[in-house]
Amino acid sequence: VAVVVDCSGLQPKAILKPTMLVKAHQTLTLLYPQTISSVLLFNYSPEVRNTWKQLRTYLDADLAGKVKFVAVQNASKTLTTTYPADVGQWLKEELAANKAQPMPDAQKRFWMSSSPHDPRGAPSFAEQFLTD
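All values derive from a computational prediction rather than experimental measurement. (Residues numbered from 1 in each chain as written. Predicted model: local features only at pLDDT ≥ 70, side-chain atom pairs only at ≥ 80, totals over all residues. Heavy atoms only, no water.)

**So, the nonpolar core**
Reasoning step 1: Judged by nonpolar contacts, the single largest core of 14 residues is most densely connected at Leu-28, Val-39, Leu-41, Val-48, Trp-52, Val-67 and Phe-69.
Reasoning step 2: For this core, the elements supplying multiple residues, two or more each, are strand S2 (38–42), helix H3 (46–55), helix H4 (61–64) and strand S3 (67–69).
Reasoning step 3: The greatest single-element share of this core, amounting to three residues, is contributed by H3.
Reasoning step 4: Among residues more than four places away in sequence, those in contact with Phe-69 are Leu-41, Tyr-44, Val-48, Arg-49 and Trp-52.
Reasoning step 5: Counting 10 residues, the second-largest nonpolar core is a separate cluster that includes Leu-40, Leu-79, Tyr-83 and Leu-95. (Core = buried A, V, L, I, M, F, W, Y, C linked by side-chain atoms within 4.5 Å. Buried < 20%, exposed > 50% of the residue type's maximum accessible area, 1.4 Å probe, protein only. Helix = DSSP H or I, 4+ residues; strand = E, 2+ residues; numbered from the N terminus. Contact = heavy atoms within 4.5 Å.)

Here it is in structure tokens:
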């Protein structure tokens, strides 16, 4: 399982809420510790990175080592070298759409198909697993 986290719009005060930290810890340590191959974080704030530095001390070192913060200038290269071409392209479009201000209406309705960018997933995924 590869996890991509887009931190766009994540407010610093939300990061420090105990419930959010507990959920992040539970997700990483209780639900998927052996099946996670990587966790890539994009569009993160300094507060997210600093919180991670504290949280990682409570995680298994192998699992903590799978978490990577991807700088803006490396995002495109990371996505195109880590994932199949259509998935990497979809993720680039998704990250850009999530950052757009104001957020496009189609992006707010992420469970619905839209054109040209389908927020539900890459074309290969949507064609195989989703129906309109």
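**Digging into helix H6 (residues 85–99)**
Reasoning step 1: Counted at 1.5 Å a residue, the expected span for H6 with its 15 residues is 21 Å, and the 21 Å between its end C-alpha atoms agrees.
Reasoning step 2: Turning to H6, the residues buried within the fold contact strand S1 (2–6), S2, helix H5 (75–82) and helix H7 (105–108). (Expected span 1.5 Å × (residues − 1).)

**Examining the pattern of salt bridges**
Reasoning step 1: Counted according to the given criterion, the structure contains two salt bridges.
Reasoning step 2: The partner of Asp-62 in a salt bridge is Lys-66, and the shortest N-O contact between them spans 3.9 Å.
Reasoning step 3: Between Asp-118 and Arg-120 there is a salt bridge whose closest N-O contact spans 2.8 Å. Neither Asp-118 nor Arg-120 differs from the other in exposure class; each is buried. (Salt bridge = Lys/Arg side-chain N within 4 Å of Asp/Glu carboxyl O.)

**With respect to the confidence of the model for the protein**
Reasoning step 1: Here the protein shows a mean pLDDT of 83. Residues at 70 or above account for 96%.
Reasoning step 2: Model confidence for the protein, summarised as mean pLDDT per element, is weakest for H7 at 74 and strongest for S3 at 93. (pLDDT = per-residue confidence, 0-100.)

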